[in-house]
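As a plain string of letters, each chain reads:
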Amino acid sequence: MKAVVYTKYGPPEVLQLKEVDKPVPKDKEILVKIVATAVNAADWRLRKADPVAVKLFFGLTRPKKSILGGVLSGIVESVGSKVTRFKAGDQVFGSTGMSLGAYAEYICLPENGIVAMKPYNLSYVEAATVPFGGHTAIHFLRKANIKPGQKILIYGASGAVGTAAIQLAKLYGAEVTGVCSTANVDLVKSLGADRVMDYTKDEIDGEHYDVIFDTVGKIPYEAVKKTLKKKGTWILGASGFSQMFQGYWSGMTNGYKIISGLALEKEEDIRFLKELIEKGKYRAVIDKSYPMEQLSVAHSYVEKGHKKGNVGVIIDETYNQ
Ligand SMILES: NC(=O)c1ccc[n+]([C@@H]2O[C@H](COP(=O)([O-])OP(=O)(O)OC[C@H]3O[C@@H](n4cnc5c(N)ncnc54)[C@H](OP(=O)(O)O)[C@@H]3O)[C@@H](O)[C@H]2O)c1
C-alpha cells in the first residue's frame, strides 16, 4: 500500500510517499481502508520533535513510528476472527491514539478502540477532522466541570480545539466568549459564541469568567489576572513551560484551579460526537483539504498556526462523498 513515511525528525520535506506492507488484522482488529485523514498540531509537533521531550516517547535518535496521522475515516475492508462490533463495508471514523499510522491507505485498529460508525451526514474528510479537536475540547471542558450559565472565555477560538470548544461549551449551557483575529470573527460567531473579541484590536477585560480555556497557549497572563474570577478555572490546553509555571504559581497565589496535561481520548466520546453531528448540534469546520501526495505542503500550512478549524487530507478521492 501507499503511505507517507518519515525516518528522521525535521521539516515537512522529511515526509515521503512510499510503498509499504499492507497490514493484516489480528483476531480482535479491523482492517480499515482509509479514505481521509487530517493534519493536526500534534502531527507537526511529532514530525519535528517540538518540544524536544517528544523524543523521549517517540524515539531518541529517530522516530520509532514511521507513519504519522492520528485520525481517520474510511471503510472496513475485513475483520479479525473475534470481532463482533464491525463488519466489512462499515463506514467508520475515529482516532488511532498513540499508535498513529493514518497517513496510509490501510490501517488495523482494535475493535474496541476509538472508532465508531461515521456520521451519515458528513463526508469522509469532514468526519476525519472531528476527533482531534472534539476529544480535546470534551476532555478539558469535562475536567473543568462546566455548568449551565457559567461564563467561559475561549482563547484561540478559531483553531481545531477552539472551534470544537465553542460548540461544546454552548451545548453544556455556558455563556461563551471567543477570542480570535479579525478574519475569524464571523466563523466564531457562526459556531454559537455569544460574544467575540478580536485579539488584534480589543483588550481582553470586562467580564468575570468562571473558566478561561486557552487552547493555543498564548493568552497574556495579565488578561487572565484581570478577567478570571477568584477561584475560577484556567485551562492550559497547550502551554509551554513558562505558562505552566505562571499557571501553577497563580493557582497558589490567586486560588485558581489549574487544568493542564494530555487530553485522553475515550471510546464513548467518539459516539457522543457522532450523535451530536447527526442531530445537527455539532459541525465539522474545515479550512482546506489536500491530496495524500501533498501531505508535506499541508504540514507547512498547519505549522504556521493560523488554520481555521481543521485541515483534511484525502487518501482516496473516489470514496470521499
Ligand atoms: N493538551 C493536549 O492534550 C492537546 C491536545 C490537542 C492539541 N493540543 C495543543 O493545542 C494547541 C492548539 O491546537 P489546535 O489544533 O487547535 O491548533 P490550530 O488549529 O493550529 O490553531 C490555530 C488557531 O490558533 C489561533 N491563534 C494563533 N495565534 C493566536 C493568538 N496569539 N491568539 C489567539 N489565537 C491565536 C489562530 O487564529 P488566528 O489565525 O486568528 O491567529 C488559528 O485559528 C496546539 O499547540 C496543540 O499542540 C494539546
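Residues numbered from 1 in each chain as written. Predicted model: local features only at pLDDT ≥ 70, side-chain atom pairs only at ≥ 80, totals over all residues. Heavy atoms only, no water.

Participant: Honestly, the sheet that holds strand β10 (residues 195-198) in this entry has me stumped. Any pointers?
Facilitator: Across a sheet, paired strands are connected by hydrogen bonds in the backbone, their directions being either parallel or antiparallel. Spatial ordering of the open sheet is given by β10-β9-β8-β11-β12-β13, a layout of six strands whose pairing is parallel. Both outer strands of the open sheet, β10 and β13 (257-259), are each paired with one neighbouring strand and no more. Neighbour-to-neighbour, the strand axes of this sheet turn through a mean angle of 15°, independent of strand direction. As paired elements, strand β8 (residues 151-155) and strand β9 (residues 175-180) share five bridges and run parallel to each other. Within β9, the position partnered with K151 by the bridge is E175. The sheet contacts of helix α7 (residues 241-254) involve β11 (209-214), β12 (228-236) and β13, and relative to β12 the element is tilted by about 155°. (Pairing = 2+ DSSP bridges. Helix = DSSP H or I, 4+ residues; strand = E, 2+ residues; numbered from the N terminus. Axes fitted to C-alpha atoms, helices over the stretch in contact; angles between N-to-C directions. Contact = heavy atoms within 4.5 Å.)

Participant: Is there a simple way to think about the packing of aromatic side chains in this case?
Facilitator: What describes a pair of aromatic rings is the distance from one ring centre to the other and the angle between the planes of the rings. For the coordinates displayed, the defined rule picks out four aromatic pairs. Look at Y6 and Y9: their rings are 6.3 Å apart centre to centre, the planes differ by 75°, and that puts the pair in the edge-to-face class. The same class applies to Y6 and to Y9, which are both buried. Taking NZ or CZ as reference, K22 lies 4.2 Å from the ring centre of Y106, over its face. Against the face of F272 rests R142, its NZ or CZ located 5.8 Å from the ring centre. (Phe/Tyr/Trp six-rings, centres within 6.5 Å; stacked < 30°, edge-to-face > 60°. Buried < 20%, exposed > 50% of the residue type's maximum accessible area, 1.4 Å probe, protein only. Lys NZ or Arg CZ within 6 Å of the ring centre and 35° of its normal.)

Participant: Teacher, can you tell me more about the site of the ligand here?
Facilitator: In the neighbourhood of the ligand, 26 residues make up the surrounding shell, with S158, S181, Y199, A263 and K307 lying closest. Within the backbone of G261, an N or O atom sits 2.9 Å from a nitrogen atom of the ligand. Here the ligand loses 89% of its free accessible area of 930 Å² to cover by the protein chains. No other element matches the three residues that helix α3 (residues 124-143) contributes to the shell around the ligand. (Near = heavy atom within 4 Å. Polar contact = N/O pair within 3.5 Å; in protein donor to acceptor, adjacent residues only side chain to side chain. Areas by Shrake-Rupley, 256 points an atom, 1.4 Å probe, with all protein chains shown as cover.)

Participant: Just to check I follow, could you spell out helix α9 (residues 295-303) for this structure?
Facilitator: Because an α-helix packs 3.6 residues into every turn, residues spaced three or four apart end up facing the same way. Buried within α9 are the following residues: L295, A298, H299 and V302. One side of α9 holds all its buried residues, which, seen down the axis, span an arc of 105°. Buried residues along α9 sit against β1 (2-5), β3 (29-39), α1 (41-48), β14 (286-291) and β15 (310-314). (Arc of directions from axis to C-beta.)

Participant: Would you mind showing me how to read the environment of K28 here?
Facilitator: Looking at where K28 falls in the secondary structure, it is placed in the loop between β2 (16-19) and β3. Note: C-alpha distance between K28 and F140 (112 residues apart in sequence) is 31 Å. Setting aside anything within four residues of it in sequence, one finds K28 in contact with K82, V83, L109, P110 and E111.

Participant: In this structure, what is going on with the domain arrangement of the protein? I would like to understand it.
Facilitator: A common measure of how large an interface is: the accessible area buried when the components associate. Entries for the protein in the domain assignment read domain 1 (2-130 + 285-319) and domain 2 (133-259). Just the C-alpha atoms count here: the centres of domain 1 and domain 2 sit 28 Å apart. In this complex, domain 1 contributes nine residues to the contact, which on the side of domain 2 involves 13 residues. Between domain 1 and domain 2 lies a buried interface of about 700 Å² when both sides are counted; carbon and sulfur atoms form 47% of it. Applying the counting criterion to the domain 1 and domain 2 interface returns zero salt bridges. The interface formed by domain 1 and domain 2 includes four residue pairs in polar contact (both at pLDDT 80 or more). (Domains from an automatic or database assignment. Buried area = accessible area lost by both parts, 1.4 Å probe. Salt bridge = Lys/Arg side-chain N within 4 Å of Asp/Glu carboxyl O.)

Participant: Before we go on, may I ask you to explain the UniProt feature "domain: Enoyl reductase (ER)" (unreviewed entry) in the protein in this structure?
Facilitator: Per the UniProt record, "domain: Enoyl reductase (ER)" (unreviewed entry) is found at residues 10-313. Secondary structure across residues 10-313 comprises 31% helix and 26% strand; the distance between its end C-alpha atoms is 20 Å. (UniProt positions renumbered as here; feature names shortened; annotations may be inferred.)

Participant: Just checking my understanding: could you explain the layout of surface pockets for this structure?
Facilitator: In this approach a probe as big as a water molecule rolls over the atoms, and the regions it shows empty are the leftover space. Within this model, the second largest pocket holds a volume of roughly 270 Å³. Considering the residues around the second largest pocket, the lining is formed by 17 residues, among which S99, L100, I107, C108 and L109 are closest to the centre. Residue contributions to the lining of the second largest pocket peak at five residues, all from strand β6 (residues 106-110). Taken together, the residues that form the lining of the second largest pocket break down as 11 nonpolar, six polar and no charged. (1 Å grid on protein atoms, 1.4 Å probe; cavity = no way out; pocket = protein on both sides within 12 Å on 5 of 7 lines; lining within 4 Å. Points joined across faces, edges and corners; volume = space filled by probe spheres on them. Nonpolar A, V, L, I, M, F, W, Y, C, P; charged D, E, K, R; others polar.)

Participant: How do you make sense of α3 when you look at a structure like this?
Facilitator: If you check α3, its first and last C-alpha atoms are 30 Å apart, about what 20 residues at 1.5 Å a residue would give, namely 28 Å. At V130, α3 shows its largest bend, some 30°, and a proline, P131, comes one to four positions later. Counting buried residues in α3 gives 16 out of 20 residues, a clear majority hidden from the surface. Of the residues trailing α3, N145 is marked for its positive phi of about 55°. (Expected span 1.5 Å × (residues − 1). Bend = angle between axes of the 7 residues up to and from the residue.)

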